[in-house]
Amino acid sequence: ELLILAPSPSAAVNAQLDQQYTCHHAWQVPADERHAWLAQRAPAIRGVVTTGALGLNATDMGLLPNLEIIAVNGVGLDGVALDVARERGIAVTTTPNVLTDDVADVALALLLASARHIVTLDRFVRDGGWERRVAIAPASSLRGKTAGIFGFGQIGQAIALRLAAFGVHVRYFQPRAIAGTSVPRAESLLALAQESDYLIVCAPGTPATRKIVDRTILDALGPQGTLINIARGALIDEVALIAALQDGHLGAAGLDVFADEPRVPNALRALPNVVLTPHVGSLTVETRHAMGQLVVDNLAAHFAGLSLLTPVKP
Ligand code: 8YV
């Protein structure tokens, strides 16, 4: 039996899970009834399907004595108590590769929207500013600028590929150097921010990266700089970010992820120099289907005693 914490946007994926297992859909149960509901079903549950955003914490894992596998419909592991899973020998799988391109596309969409004022200009046309012949301030060109990619995994590298086509110089930083790339590595995150017009955050949310993009980094990025975040809100000191955008220490931001989703601070919503999207990096029909299919296939492999397709290394 499976515990499903969130459905897939793919009906075909949900149907396969319902056909192959007895599924308990926690997301259909009101929050205040969930504890009692789960207590009743907990002993039978051998697998959990969760998302990158929801994860599975130590408390909830503790309620499931016979849990064998956690299938994350996403790549972020910040919400999963991996130490507990390791101790108990619970397998964990994610959905790498299939979401890389779409998440990279959203990073570029946010960057282009920020640099070329797309959201403001859309509002300007709708509100009749163009017809009133209100002057339009020129935007700034991408060509010849420098982008710093913080976190140079698959998604960071896919963003680098796209940026090259726009004539943007690219560098990266992450603690471990990547072999076989022609993209130069900066000495530190601070050096990366100093060298960059755009800082693009693609690193995982871990205790080591928590609020790593702080006032110092934002100041280094500077008044003409733009911050793009498609990773996790936890990597940014959001209070410092808001202050920097308000007082002009930072030029602009394009954000798909936030510290306390789905809540976005009013101060951030009020700023004209930010573009905001509701954590949709991987949210396309094609990618969510492929992600969900990987969840289904990993579960099938596990319960058939075969090796997992995309396991998280313990
Ligand atoms: C979604 C994500 O939040 O992959 C991740 O870690 O953040 C996103 O793809 C989610 O996991 C979708 O199910």
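Residues numbered from 1 in each chain as written. Predicted model: local features only at pLDDT ≥ 70, side-chain atom pairs only at ≥ 80, totals over all residues.

Draft legend 1. Spatial organisation of the domain arrangement of the chain. For the chain, the assigned domains read domain 1 (2–98 + 284–303) and domain 2 (100–276). Computed from C-alpha coordinates alone, the two centres of domain 1 and domain 2 are separated by 31 Å. Listed as interface residues are seven residues of domain 1 and, on the opposing side, nine residues of domain 2. (Domains from an automatic or database assignment. Contact = placed C-beta atoms within 7 Å.)

Draft legend 2. Spatial organisation of the sheet that holds strand 2 (residues 23–25). Across the sheet, which stays open at both edges, the five strands sit in the order 2-1-3-4-5 with parallel pairing between neighbours. Strands with a single pairing partner mark the edges of an open sheet, and in this sheet they are strand 2 and strand 5 (91–93). Averaged over neighbouring strand pairs, the angle between their axes works out to 20° when direction is ignored. As paired strands, strand 1 (residues 2–4) and strand 3 (residues 47–51) are joined by three bridges and run parallel to one another. By the bridge assignment for strand 3, leucine 3 is matched with valine 48. (Pairing = 2+ DSSP bridges. Helix = DSSP H or I, 4+ residues; strand = E, 2+ residues; numbered from the N terminus. Axes fitted to C-alpha atoms, helices over the stretch in contact; angles between N-to-C directions.)

Draft legend 3. Here's a closer look at the UniProt feature "domain: D-isomer specific 2-hydroxyacid dehydrogenase NAD-binding" (unreviewed entry) in the chain. Taking the UniProt record as the reference, the feature "domain: D-isomer specific 2-hydroxyacid dehydrogenase NAD-binding" (unreviewed entry) is found at residues 108–281. End-to-end, the C-alpha atoms of residues 108–281 are 11 Å apart, and along that stretch the chain is 33% helix and 14% strand. (UniProt positions renumbered as here; feature names shortened; annotations may be inferred.)

Draft legend 4. Summary view of the sheet that holds strand 8 (residues 198–201). Taken together, the six strands give an open sheet; going across it, the order is 7-6-8-9-10-11, and neighbouring strands pair in parallel fashion. At either end of the open sheet lies a strand with only one pairing partner, and these are strand 7 (169–173) and strand 11 (274–276). Taking each pair of neighbouring strands and ignoring which way they run, the sheet shows an average axis angle of 15°. One ladder, built from four bridges, connects strand 9 (residues 226–229) with strand 10 (residues 252–255); its direction is parallel. Within strand 10, the position partnered with threonine 226 by the bridge is alanine 252.

Draft legend 5. Broad picture of unusual backbone geometry. The omega torsion of the bond from glutamate 261 to proline 262 falls at 5°, within 30 degrees of zero and hence cis. Relative to the elements of secondary structure, proline 262 occurs in the loop between strand 10 and helix 11 (266–270). Positive phi, close to 70°, is recorded for asparagine 97, a residue that is not glycine. Structurally, the position occupied by asparagine 97 is in the loop between strand 5 and helix 5 (100–115). When the 13 C-beta atoms within 10 Å are taken as the criterion, asparagine 97 is described as partly exposed. The backbone phi angle of arginine 133 is positive, close to 60°, even though this residue is not glycine. Residue position: arginine 133 is located in the loop between helix 6 (118–126) and strand 6 (146–150). (Buried ≥ 20, exposed ≤ 12 C-beta atoms within 10 Å, placed from the backbone.)

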